[in-house]
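Next come the chains, spelled out residue by residue.
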Protein chains: 4
Amino acid sequence: MKLSKSTAILLIHCPDQKGLVASVTDFLHSNNGNIISLEQHVDRAEERFFMRVEWELTDFAIPEEKIDDFFGTLIGQKFRMEWQLHFTDRKPKMAIFVSKASHCLYDILQRYMSGEFKVDITAIIGNHDNLQYLAERFDIPFHLYPITKENKAAQEAEEIQLLKDLGIDFVVLARYMQILSNDFVDHFPNQVINIHHSFLPAFKGARPYHSAFERGVKIIGATSHYVTADLDEGPIIFQDVAKVSHKDTVLDLKRRGKDLEKLVLSQAIWREIQHKILPYKNKTIIFD
Amino acid sequence: MKLSKSTAILLIHCPDQKGLVASVTDFLHSNNGNIISLEQHVDRAEERFFMRVEWELTDFAIPEEKIDDFFGTLIGQKFRMEWQLHFTDRKPKMAIFVSKASHCLYDILQRYMSGEFKVDITAIIGNHDNLQYLAERFDIPFHLYPITKENKAAQEAEEIQLLKDLGIDFVVLARYMQILSNDFVDHFPNQVINIHHSFLPAFKGARPYHSAFERGVKIIGATSHYVTADLDEGPIIFQDVAKVSHKDTVLDLKRRGKDLEKLVLSQAIWREIQHKILPYKNKTIIFD
Amino acid sequence: MKLSKSTAILLIHCPDQKGLVASVTDFLHSNNGNIISLEQHVDRAEERFFMRVEWELTDFAIPEEKIDDFFGTLIGQKFRMEWQLHFTDRKPKMAIFVSKASHCLYDILQRYMSGEFKVDITAIIGNHDNLQYLAERFDIPFHLYPITKENKAAQEAEEIQLLKDLGIDFVVLARYMQILSNDFVDHFPNQVINIHHSFLPAFKGARPYHSAFERGVKIIGATSHYVTADLDEGPIIFQDVAKVSHKDTVLDLKRRGKDLEKLVLSQAIWREIQHKILPYKNKTIIFD
Amino acid sequence: MKLSKSTAILLIHCPDQKGLVASVTDFLHSNNGNIISLEQHVDRAEERFFMRVEWELTDFAIPEEKIDDFFGTLIGQKFRMEWQLHFTDRKPKMAIFVSKASHCLYDILQRYMSGEFKVDITAIIGNHDNLQYLAERFDIPFHLYPITKENKAAQEAEEIQLLKDLGIDFVVLARYMQILSNDFVDHFPNQVINIHHSFLPAFKGARPYHSAFERGVKIIGATSHYVTADLDEGPIIFQDVAKVSHKDTVLDLKRRGKDLEKLVLSQAIWREIQHKILPYKNKTIIFD
């Protein structure tokens with residue numbers, strides 16, 4: 001059974017009720033759709049059902065452009081579902097925001113250049129020009145938007161316009177050292193992925209490595225999450241940690257933290273590209 | 001949606017083909033079975049389909065004692081499935097084999113006494129009497145079968161008889177320092193769980209910590225697996241590792257390894273009790 | 001070079017200055033003390049020097065009972081050192097406080113019974129009688145001190161008296177679900193080791209697993225630390241974490257957390273017994 | 001106490017004997033050398049002593065160019081020591097060997113460009129030209145030496161000459177898919193660092209991810225080590241692992257392994273640059 005290139009993915013959630021899996025799989029099966037993978041989850045506290053299902057489009061009886069309508073009419077509305085439909089032969093468009101630190105950007109670019117990230121990087125946006133050389137070396141358009149207290153609203157308005165014009169699917173904050181305004185965030189709900197350099201909820205806000213050093217913790221961490229209006233409170237996508245000791249200075253923590261940051265961010269991007277993340281309220285379902 | 005106490009679990013595998021998920025979920029749904037959890041996996045190299053599905057028995061139209069027959073007749077045979085049917089209100093029966101080391105046995109007994117392991121420990125079997133005191137303190141029958149080259153076949157025959165008489169579902173080798181004969185293993189296919197004190201396939205056989213020390217590795221590990229006729233080659237269930245350094249002597253490796261051993265073994269037992277393991281050829285599918 | 005059974009350990013800290021290592025090692029060497037291990041650390045932010053040195057007492061020119069005086073007079077006072085002197089042939093005395101949960105107590109008892117923890121467990125103190133059976137099965141005196149708002153001060157006074165009478169070196173709170181009063185803590189500065197069921201400083205206080213579930217974190221943790229007057233703010237000794245997912249309910253987090261708790265607590269106890277911990281201000285130096 | 005830029009490092013090993021630490025520290029102290037860090041280790045099985053000591057050169061009484069002679073005459077020969085002397089104001093020279101995979105090279109270049117690796121990358125040598133673009137974008141000389149069975153000896157001879165001409169301190173094999181000849185290795189004893197894509201000693205040789213998949217392991221790993229004449233048998237510097245499951249195909253293992261490979265290799269390079277590695281026989285002492 002060869003894996004056909006062309007597949008579709010449905011991400012679904014709805015109130016939990018009987019017959020959900022049977023209805024969805026029967027819809028696919030009766031239309032000759034071969035299921036590649038299926039994962040479901042029930043949150044019993046929320047009484048809510050979550051599902052990710054991927055199937056081959058070859059031989060599927062319903063044409064691509066009609067799947068959304070047919071699914072909605074036959075299944076989705078009946079069960080009060082919310083759903084996203086993705087086609088894996090369409091590369092998502094991604095923009096990257098950076099400041100000065102380069103480690104996350106290098107990590108993303110390597111995965112992009114080698115084909116690991118099947119994505120179009122349409123723009124790199126910086127509030128400093130330190131990483132312009134890197135964007136240029138890889139022929140990715142770099143846009144400089146220096147941010148001050150005074151120009152923040154205007155600059156963000158231009159950034160939003162640019163992202164809309166480019167048809168961006170999601171934004172990655174690759175150690176972007178600015179807090180996005182609520183207005184910006186409202187334009188891209190659960191579409192902006194940030195990397196925070198601590199294991200949230202510990203050490204929210206600025207200078208987490210200094211705080212970790214002061215507290216004398218024996219592990220440090222990093223957290224990738226969707227950006228919401230509440231700083232460092234958005235749905236967590238991925239976290240990882242490393243053991244540290246009294247020998248580590250703040251500089252050591254920063255150095256060692258970079259390895260966590262780049263990996264934890266790239267893990268989130270990977271899952272985003274694979275459509276494996278389903279955010280619900282302030283949490284995520286990750287269909288690994 | 002309250003979780004009913006009484007649920008059933010099907011573990012299935014068969015050649016991959018279209019309509020498998022739809023057929024099984026439709027069978028459950030059309031008989032008013034509410035699916036609690038469903039996980040499926042397709043091994044594309046083997047072209048084989050694997051599934052674990054759990055559903056509530058309350059309101060299920062088919063009586064417990066007829067489910068196996070109905071499922072087989074309506075679904076299983078059609079798709080050439082192999083399957084196991086389990087009921088969660090029936091505690092599995094487990095026997096433990098020990099030698100002298102106590103750490104795994106304590107760990108198991110704590111989980112048993114506290115109700116974490118919903119299992120009946122029907123017998124503790126030792127080739128030494130060192131841990132008899134512990135079995136007695138917890139009122140579990142202890143059987144002493146000292147093993148020598150000469151009496152091994154006879155002693156094992158008695159052990160097999162005892163396990164059969166007790167109706168044991170699975171056996172745990174909790175640092176049992178004897179190699180079971182092929183004959184013994186044949187009586188309990190994929191029913192004997194061993195803990196090996198290395199990250200297999202490294203350091204198979206005897207004295208893995210000495211070998212790890214000699215090789216100068218920077219991590220040690222432990223592996224729980226089903227016992228097969230080939231020593232340390234059975235399907236792996238769980239593995240974990242710990243970082244070590246040049247400072248660690250063989251004694252340190254042994255001491256630190258014990259923490260791995262007991263956790264890795266108990267993780268396997270937990271999954272066995274939950275019917276989350278599906279061995280196939282020399283591998284396992286773990287429905288976590 | 002056989003390791004002599006009888007060794008001494010000095011734990012030292014003082015303002016950083018030139019010649020510290022040379023002076024201490026020369027003191028030991030010139031008195032025919034063979035150094036088994038030596039570790040030092042300089043905290044440059046605090047400009048403070050820390051050291052742990054262990055040497056063989058066989059052939060050492062200064063008798064055991066005079067070492068403290070000689071070292072202080074010749075070295076310690078000159079460099080304004082604070083130091084502890086330990087002899088490894090003397091077992092420390094430990095008391096354990098428990099409530100209802102048994103997992104940490106089993107873990108400690110297994111290590112005690114097998115000789116891994118070379119310590120005297122002189123008393124197990126409970127505010128509930130749930131674990132009395134376990135203490136009795138291992139012939140360790142169990143003392144019941146039920147705590148209410150009204151009797152807390154009186155009960156603690158008795159506990160303090162008991163611990164003093166027994167000559168306890170350190171106390172382990174093995175999931176003891178009571179907050180010790182400041183008065184209690186003052187009697188045992190850096191002598192009470194607690195296990196908190198989160199990766200501090202996240203989820204301080206009560207019900208950390210519920211909070212972790214609510215926040216949707218992807219890792220949970222446990223932290224062992226010395227108890228100080230500020231709740232969950234004492235010097236951290238050891239931390240570890242485990243990955244979790246959206247599939248884990250609060251009950252799953254609690255179950256999985258227990259494995260972290262018992263290991264993280266036992267790691268701290270091991271280091272305490274080996275005299276490898278040097279607390280300074282709100283941090284610890286761990287001479288691993 | 002400000003950290004002076006200019007420090008010296010001694011890496012020492014010799015037969016274990018009394019007075020070693022005292023003699024070395026007294027040598028430094030009496031010549032007004034302020035010790036920044038000191039770590040020692042005794043391998044009791046080998047009866048061998050290992051030490052790393054770093055001290056400030058400001059105010060040190062012995063001029064840099066005479067330290068080696070003075071230390072040898074006064075201390076080293078007396079104790080039959082072998083030692084290396086390094087000065088931290090001198091950047092080591094490093095060459096990188098690559099084939100086609102880019103992930104390790106990107107990771108190294110990011111650390112190099114950001115100043116994390118205080119090293120001179122003097123040459124990138126490839127047996128394919130796939131990564132020439134990357135070397136050029138970062139203005140590092142790229143040398144192409146395609147290897148065939150027939151030309152291997154001749155090409156290696158040229159590579160050795162190049163490395164000698166450049167005065168290379170150590171070589172990094174950044175997923176270089178060729179086995180170096182014994183002759184090559186003999187020219188650079190413990191100076192060639194390789195990354196192997198398994199947790200050695202498991203899965204030595206070619207295609208370790210395929211072997212891991214076939215065996216059904218639940219963890220994969222990576223190992224950095226010095227290259228010796230015995231393939232994948234050299235002294236191990238660093239290892240790390242990641243958990244995998246039945247869901248991971250060989251391609252998934254390869255993808256996930258890349259993250260391990262680049263981190264484990266860079267950890268080794270970091271320690272090499274910091275002069276924290278002391279190889280002895282087939283093991284390493286890592287002074288972390």
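The residue numbers shown here count from 1 along each chain, following its written sequence. Chain letters start at A and ligand numbers start at 1, both assigned in the order the entries are written. Since the coordinates come from a predicted model, pLDDT governs what is reported: local features require at least 70, and pairs of side-chain atoms require 80 or more to be given and counted, while whole-chain, interface and lining totals use all residues. Side-chain figures throughout are based on the complete set of non-hydrogen atoms in the structure, without hydrogens or water.

(A) Structural view of the packing of aromatic side chains. Ring geometry is summarised as follows: Phe, Tyr and Trp rings, the Trp one being its six-membered ring, pair when their centres sit within 6.5 Å, and such pairs are stacked at plane angles under 30 degrees, edge-to-face over 60 and tilted between the two. Evaluated as defined, the whole model comprises 42 aromatic pairs over all chains. Their ring planes at 75 degrees and their centres at 6.2 Å tell us that B:Phe199 and B:Phe203 sit as a pair that is edge-to-face. Residue class for B:Phe203 comes out buried when judged on its relative accessible area of 13%. Taking the centre distance of 5.1 Å and the plane angle of 90 degrees together, the rings of C:Phe97 and C:Tyr176 count as edge-to-face. Taken together, the residues C:Phe97 in strand S5 (residues 93-98) and C:Tyr176 in the loop between strand S8 (170-173) and helix H6 (182-187) connect sequence positions 79 residues apart. Buried residues are those whose accessible area, probed at 1.4 Å on protein chains only, stays under 20% of the maximum for their type, while exposed residues exceed 50% and partly exposed ones sit between those limits. Labels follow the DSSP assignment, with helices taken as runs of H or I lasting at least four residues and strands as runs of E lasting at least two, numbered in each case from the N terminus.

(B) Highlighting the interface of chain D and chain A. Any two residues whose heavy atoms approach within 4.5 Å at even a single point are treated as in contact. If you look at the interface, chain D gives 24 residues, while chain A gives 24 residues. Carbon and sulfur atoms supply 49% of the area that chain D and chain A bury against each other, a total of about 2,100 Å² over both sides. Buried area is calculated as the accessible area (1.4 Å probe) missing from two parts once they are joined, with the contributions of both summed. When the buried surface of chain D facing chain A is broken down by residue, D:Tyr106, D:Gln110 and D:Arg137 rank first, second and third, together holding 30% of it. Any Lys or Arg side-chain nitrogen located within 4 Å of an Asp or Glu carboxyl oxygen qualifies as a salt bridge. One can count six salt bridges joining chain D with chain A. A salt bridge links D:Lys247 to A:Glu39, with the shortest nitrogen-to-oxygen separation between them at 3.2 Å. Within 3.5 Å is the distance limit for a polar contact, defined as a pair of N or O atoms, with the added protein rule that one can donate a hydrogen and the other accept it, and that residues adjacent in sequence qualify only through two side-chain atoms. For the interface between chain D and chain A, the tally reads 11 residue pairs in polar contact (both at pLDDT 80 or more). Contributions of two or more residues to the side of chain D that touches chain A are made by helix H3 (103-113), helix H4 (132-137) and helix H8 (250-273) of chain D.

(C) Highlighting the nonpolar core. By size, the foremost hydrophobic cluster in this structure holds 206 residues, and its most contacted members are A:Ile108, B:Ile108, C:Ile108 and D:Ile108. Discounting chain neighbours no more than four positions away, the residues touching B:Ile108 are B:Met94, B:Ile96, B:Phe117, B:Ile121, B:Val172, B:Ala174, B:Leu265, B:Ser266 and B:Ile269. Side-chain atoms within 4.5 Å are what join buried Ala, Val, Leu, Ile, Met, Phe, Trp, Tyr and Cys residues into a set we call a nonpolar core.

(D) Here's a closer look at the interface of chain B and chain D. Counting residues at the interface gives 30 residues for chain B, matched by 30 residues for chain D. Taking both sides of the interface into account, the surface hidden between chain B and chain D amounts to around 2,800 Å²; carbon and sulfur atoms contribute 56%. On the chain B side of the contact with chain D, B:Arg215, B:Lys218 and B:His246 bury the most area, a combined 26% of that side's loss. Joining chain B to chain D, the criterion identifies 20 residue pairs in polar contact (both at pLDDT 80 or more). It is strand S11 (residues 236-243) of chain B that contributes the most residues to the side of chain B that touches chain D, seven residues altogether.

(E) Structural detail: the side chain of A:Ser99. Residue and element names in this part refer to chain A. Mapped onto the elements, Ser99 comes out in the loop between strand S5 (93-98) and helix H3 (103-113). At 2.9 Å, the side chain of Ser99 and the side chain of Asn127 are in polar contact. Separated by 2.8 Å, the side chain of Ser99 and the backbone nitrogen of Met177 make a polar contact. Setting aside its immediate chain neighbours within four residues, Ser99 contacts Asn127, His128, Asn130, Leu131, Arg175, Tyr176 and Met177.

(F) Looking closely at the confidence of the model for chain A. The predictor attaches a confidence to each residue, called pLDDT, with possible values from 0 through 100. Confidence in the prediction of chain A, expressed as mean pLDDT, is 96, and 98% of residues score 70 or more. Two numbers describe this predicted complex: its pTM, 0.96, and its ipTM, 0.94.

(G) Region of the structure containing the relation of the copies chain D and chain A. For the pair chain D and chain A, the superposition axis carries a translation of 0.0 Å, the fit reaches an RMSD of 0.0 Å, and the rotation angle comes to 180 degrees. In the structure described here, the two chain copies are related by an operation that fits a two-fold rotation axis. Residue by residue, 100% of the interface of chain D is reproduced at the interface of chain A, so both copies engage with the same surface. Here the copies are matched by least squares. The fit uses the C-alpha atoms of residues with pLDDT of at least 70 in both.

(H) Highlighting the relation of the copies chain B and chain D. When chain B is fitted onto chain D, the two copies agree to an RMSD of 0.0 Å after a turn of 180 degrees and an axial shift of 0.0 Å. Interface residue correspondence from chain B to chain D reaches 100%, placing this contact among same-surface, isologous pairings.

(I) The sheet that holds strand S5 (residues 93-98) of chain B, seen in detail. Residues and elements named next belong to chain B. The criterion for strand pairing is that DSSP finds at least two bridges linking the strands in question. Spatially, S7-S6-S5-S8-S9-S10-S11 is the arrangement adopted by the seven strands of the open sheet, whose pairing is mixed. Single-partner strands in this sheet number two, and they are strand S7 (142-144) and S11. Averaged over all pairs of adjacent strands, the angle between their axes in this sheet comes to 20 degrees, without regard to strand direction. In the sheet, S5 pairs with strand S8 (residues 170-173) via four bridges, with the strands oriented parallel. Counterpart to Phe97 in the pairing with S8 is Leu173. Angular values range over 0 to 180 degrees, each being the angle between N-to-C directions of two axes fitted as lines to C-alpha atoms, with helices fitted over their stretch in contact.

(J) Structural context of the pattern of salt bridges. Applying the stated criterion across every chain yields a total of 68 salt bridges over all chains. A salt bridge links A:Asp259 to D:Arg111; the shortest N-O distance between them is 2.8 Å. Residue A:Asp259 is found in helix H8 (residues 250-273), and its partner D:Arg111 is found in helix H3; the two belong to separate chains. Take A:Asp259 and D:Arg111: they sit in the same class, and that class is buried. Through salt bridges that share partners, A:Asp107, A:Arg111, A:Glu116, D:Asp259 and D:Lys262 make up one connected network.

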